[in-house]
Every structure is written in C-alpha cells, then in structure tokens.
Amino acid sequence: MKKISILLVAAVILSSCVSKKKYLELEQQHGETVSELTKTRVEKEDLETKFAVIEARVNQYNSKIQSLNEDVEGLTIENKAKFQVSEDGTVASGASKEKMRETLKNVDAVKLAGAKTLKDSMNLAVQYNLSKAMDTSDLDEDADIAVDINETVVMISIADDMLFNTASYRVGNKADKILKKLADVINSEPSLDVMVEGHTDSRSINTDKIADNWDLSVLRATSVVRKLQNQFKVAPEQLIASGRSSYQPLVENNSSTNRAKNRRTRIILMPNIDKFFAMMEAE
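Quick summary incoming for the structure in this document. Fair warning: this is a prediction, and the values are worked out from it, not measured in the lab.

**Concerning the overall build of the chain**
Okay, so step 1: The helix and strand inventory of the chain stands at nine helices and seven strands.
Okay, so step 2: Every one of the 283 residues in the chain was classed for burial, and the buried ones make up 33%.
Okay, so step 3: Residue pairs at least 24 apart in sequence account for 66% of intrachain contacts in the chain once pairs closer than 6 positions are excluded.
Okay, so step 4: When the accessible surface of the chain is totalled, it reaches about 18300 Å², and 54% of it is carbon and sulfur.

**A few points about the nonpolar core**
The nonpolar side chains of soluble globular proteins are, as a tendency, buried together.
Okay, so step 1: By size, the foremost hydrophobic cluster in this structure holds 27 residues, and its most contacted members are Ile156, Leu179, Leu182, Val224, Leu228, Ile267 and Leu269.
Okay, so step 2: Broken down by element, the residue count for this core peaks at six residues, all from helix H6 (residues 176-188).
Okay, so step 3: With near-sequence residues (within four places) excluded, Leu179 lies in contact with Val171, Val224, Lys227, Leu228, Phe232 and Ile267.
Okay, so step 4: Counting five residues, the second-largest nonpolar core is a separate cluster that includes Leu104, Val107, Ala115 and Ala125.

**Comments concerning the side chain of Arg259**
Okay, so step 1: One can find Arg259 in helix H8 (residues 256-262).
Okay, so step 2: Of the side chains with opposite charge, Asp201 lies nearest to the buried Arg259, which makes no salt bridge, at 4.7 Å.
Okay, so step 3: When neighbours within four sequence positions are excluded, Arg259 is seen to be in contact with Asp201, Arg203, Asn253 and Asn254.

**Some thoughts on the environment of Ile205**
Okay, so step 1: With respect to the helices and strands, Ile205 occurs in the loop between strand E5 (193-199) and helix H7 (213-230).
Okay, so step 2: Using a relative accessible area of 16% as the deciding quantity, one classes Ile205 as buried.
Okay, so step 3: Once the C-alpha coordinates of Ile205 and Leu216 are considered, the two residues, 11 residues apart in sequence, prove to be 8.2 Å apart.
Okay, so step 4: Leaving out residues up to four positions away in the same chain, Ile205 has contacts with Ala167, Ile210, Ala211, Asp212, Asn213 and Leu216.

**As for the packing of H6 against H7**
Okay, so step 1: Two elements in contact, H6 and H7, have axes separated by 10 Å at closest approach and are oriented at 65°. Seen from above, H6 lies across H7 with right-handed handedness. The segment H6 lies against H7, with Asp176, Leu179, Leu182 and Ala183 engaging Val224, Lys227 and Leu228.
Okay, so step 2: The residue inventory of the contact of H6 with H7, partitioned by class, reads five nonpolar, no polar and two charged.

**Remarks on the pattern of salt bridges**
Okay, so step 1: Throughout the structure, instances matching the rule amount to nine salt bridges.
Okay, so step 2: Across the salt bridge formed by Asp160 and Arg220, the nearest N and O atoms sit 2.4 Å from each other. Of this pair, Asp160 sits in helix H5 (residues 160-163) while Arg220 sits in helix H7, placing them 60 residues apart in sequence.
Okay, so step 3: The buried category is assigned to Asp160, whose relative accessible area is 6%.

**Re the pairing of E5**
Okay, so step 1: Burial analysis of E5 places five of its seven residues in the buried class, which makes it a mostly covered element.
Okay, so step 2: Taken together, the seven bridges between E5 and strand E7 (residues 264-270) define a ladder with antiparallel strand orientation. In the strand pairing of E7, Glu197 is matched with Arg266.
Okay, so step 3: Bridge analysis of E5 against strand E6 (residues 239-243) gives five bridges, and the strand direction is parallel. Of the residues in E6, the one forming a bridge with Val196 is Ala241.
Okay, so step 4: In the classification by handedness, the crossover that spans E5, the intervening H7 and the parallel E6 is right-handed.

**Describing the side chain of Ser242**
Okay, so step 1: By secondary structure assignment, the location of Ser242 is in strand E6.
Okay, so step 2: Accessibility expressed as a relative area gives 17% for Ser242, which makes it buried.
Okay, so step 3: Every residue in contact with Ser242, bar those within four places of it in the chain, is listed here: Met195, Val196, Glu197, Gly198, Ser217, Val218 and Ala221.

**Digging into the packing of aromatic side chains**
Okay, so step 1: Counted under the stated rule, the structure contains one aromatic pair.
Okay, so step 2: Measuring from ring centre to ring centre gives 5.5 Å for Trp214 and Tyr247, while their planes differ by 35°; the resulting arrangement is tilted. Placement of the pair is Trp214 in helix H7 and Tyr247 in the loop between E6 and H8, with a sequence separation of 33 residues.
Okay, so step 3: Overall, Tyr247 belongs to the exposed group, its relative accessible area being 58%.

**A look at the pairing of E7**
Okay, so step 1: Counting buried positions over the seven residues of E7 gives five, a clear majority of the element.
Okay, so step 2: In this sheet, E7 lies alongside strand E4 (residues 153-159) in antiparallel orientation, the contact comprising six bridges. Residue pairing for E7: Ile158 is matched across the bridge by Thr265.

What counts and how
- Every residue gets a number counted from 1 within its own chain, in the order that chain's sequence is written.
- The model is predicted, so local features are restricted to residues of pLDDT at least 70 and side-chain atom pairs to those at 80 or more, both for listing and for counting; the totals for chains, interfaces and linings are taken over all residues.
- The basis for every side-chain value is the complete set of non-hydrogen atoms in the structure, without hydrogens or water.
- Helix numbers and strand numbers start at the N terminus; a helix is a DSSP run of H or I with at least 4 residues, a strand a run of E with at least 2.
- Summary of the burial criterion: residues with accessible area below 20% of their type's maximum are buried, those above 50% are exposed, and those between are partly exposed, where the area comes from a 1.4 Å probe applied to protein chains only.
- Here, residues are in contact when the closest pair of their heavy atoms is within 4.5 Å.
- Here the open area of atoms and residues is found with the Shrake-Rupley method and a 1.4 Å probe, where only the protein chains shown may cover a residue.
- Only buried residues count toward a nonpolar core, which is a set of Ala, Val, Leu, Ile, Met, Phe, Trp, Tyr and Cys residues joined through side-chain atoms within 4.5 Å.
- In this count, Lys and Arg are taken as positive residues and Asp and Glu as negative ones, while His and the chain termini are left out.
- Salt bridge, as used here: a side-chain nitrogen of Lys or Arg that lies within 4 Å of a carboxyl oxygen of Asp or Glu.
- For helices, the fitted axis covers only the stretch in contact; all axes are lines through C-alpha atoms, and the angles between them, taken along N-to-C directions, range from 0 to 180 degrees.
- When the near helix sits turned anticlockwise from the far one by under a right angle, the crossing is termed left-handed; a clockwise turn instead gives a right-handed crossing.
- Each residue gets one label: Ala, Val, Leu, Ile, Met, Phe, Trp, Tyr, Cys and Pro are nonpolar, Asp, Glu, Lys and Arg are charged, and the others, such as Gly, are polar.
- A strand pair is defined by DSSP finding two or more bridges across the two strands.
- By convention, a crossover is right-handed whenever its connection, traced from the first strand over the helix to the second and viewed with the strands pointing away, goes clockwise.
- Each pair of aromatic rings taken from Phe, Tyr and Trp, with Trp reduced to its six-membered ring, is defined by centres within 6.5 Å and is described as stacked if the planes are under 30 degrees apart, edge-to-face if over 60, and tilted in the remaining cases.

Here you go:
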C-alpha cells in the first residue's frame with residue numbers, strides 16, 4: 001500500500017512538472033508575440049510618419065505646379081499684350097496679330113497674296129474692316145462721296161453741296177444720313193482719332209463773318225465737328241477740326257465743275273492699330 005502511494009505522488013509530481021514546462025513555453029510565445037506586435041506598431045507609426053511627410057511633399061509639389069501653371073498662363077497673356085517690333089518696324093501686340101489673322105481670313109486671296117510684310121497684312125485687315133463699316137451703298141445714288149484707304153488711314157471725301165449751301169459754313173440736314181453713318185463707326189471704335197478737314201476752291205471770299213478761304217475751310221470743319229459731337233454724341237476728345245483753304249485742290253480751278261470738286265470736306269479716320277484689333281473685330 002505504501003508503495004502504491006509513493007507511485008501516485010511521483011505521478012502527480014511528474015504531471016505538475018510537465019504542465020509548468022508548457023506554461024513557460026506559452027509564456028515565452030506570448031512574450032514573443034507581444035514583442036512582434038510592439039515592433040509592428042512602431043513600424044506602422046514610422047510608416048505613417050513617413051507617409052505624412054511624402055503626402056506633404058506631394059501637396060507642396062502640386063502647389064508649385066499650380067503656381068507654375070498660373071505663371072505660364074500669366075506670361076502667355078502678358079506676352080500677347082506685349083508690343084513686338086517686326087523687321088519692317090511695325091509695332092503690334094501678339095493679341096492684335098491673332099485678331100488680324102482672323103480678319104484676314106475674309107480678305108480677297110489675291111490681295112492677301114500681295115502682303116509681304118506684317119505692315120501690309122495690318123493694312124489689309126484695317127482696310128477690310130473700315131471699308132465694311134463705311135459702306136455707302138445705302139446712300140443716295142447721286143451722293144458725291146468717296147471713300148479711300150491709304151494704308152491704315154481711311155479718308156472720306158464729301159462734296160460741298162452735300163453739307164453746306166454756297167459760301168456757307170452751316171451744316172444742312174441733308175448731311176445727317178452720312179454723318180450718322182460716320183458717327184456710328186466712330187462711336188463703335190473709341191480708338192479712332194477723327195480729323196475733319198475743310199477745303200475750298202480758289203475763289204476768294206470776304207464777308208462780315210468770313211475773313212477768307214482759310215476762315216471758311218476751318219469754320220466748315222468746326223461746324224461738322226460740332227454736329228458730330230452735339231447731335232450724334234461723338235466724344236469730342238476723338239475729334240480734330242482743321243482747314244486747308246484752297247491749297248490742296250483735286251483738280252485745276254479752271255471751271256465751275258472743277259471748282260465744285262475742290263469744295264469738299266475730308267474726314268480722316270486714324271485708328272490705333274493695337275486697340276483697333278482688340279475692339280473692332282470682323283463679324
């Protein structure tokens with residue numbers, strides 16, 4: 001009996017020893033697992049920190065790219081607005097050139113082929129737009145009006161009897177139609193300077209109100225200017241009144257017909273090229 005008890009005690013002791021060993025193994029495994037988890041957490045936090053730094057750099061780069069894009073856009077706009085001087089000395093901005101190209105699409109191909117320089121092209125574009133604006137086909141057939149274009153200057157010559165009575169400088173109502181058309185062009189194009197130039201024939205004049213042909217030519221010009229300003233609301237800062245007396249005749253003053261040709265008012269439209277293309281595009 002005593003022998004059996006000893007064996008049972010020994011078995012219990014052996015059993016206890018095995019369980020403790022497994023416990024120690026499990027405890028070691030647990031420690032290793034906790035260590036791995038801690039290591040993983042540290043690595044995760046380290047990666048998150050690095051990712052935050054990378055994300056901040058990406059945002060910084062994107063901001064720089066956006067800023068550069070805005071700079072490029074600004075420089076493009078600025079470059080278009082900058083004046084450029086061509087080989088022939090013509091000055092124009094990049095934006096003006098773009099608008100000029102659009103206008104030239106409507107110009108006759110034969111005329112366009114003759115444009116050898118930027119200045120030639122600009123002249124053609126101005127001619128096209130102002131000729132279109134100053135079309136006189138809807139005026140009376142017997143109206144004595146001539147529209148000529150010399151480079152970028154448009155000259156409209158109106159016979160004396162369309163505007164004034166003989167030896168008078170007061171503008172008559174029959175001139176309203178042509179002056180209204182002219183005013184519409186000027187009012188639609190604030191960049192235009194407009195010179196109204198009076199011309200007489202060679203016959204001398206001297207009255208209480210008119211000293212001579214110089215006086216008459218200037219008075220006629222100022223009468224037209226006042227009518228454009230007061231009746232048709234043209235900005236006075238765009239207007240210039242001048243007189244040439246009888247010293248620039250179209251023909252010899254040797255007949256009544258020729259003298260009638262020389263009695264005229266010439267209206268000269270002088271556009272600022274850059275503003276012209278910016279504001280008066282072809283329709």
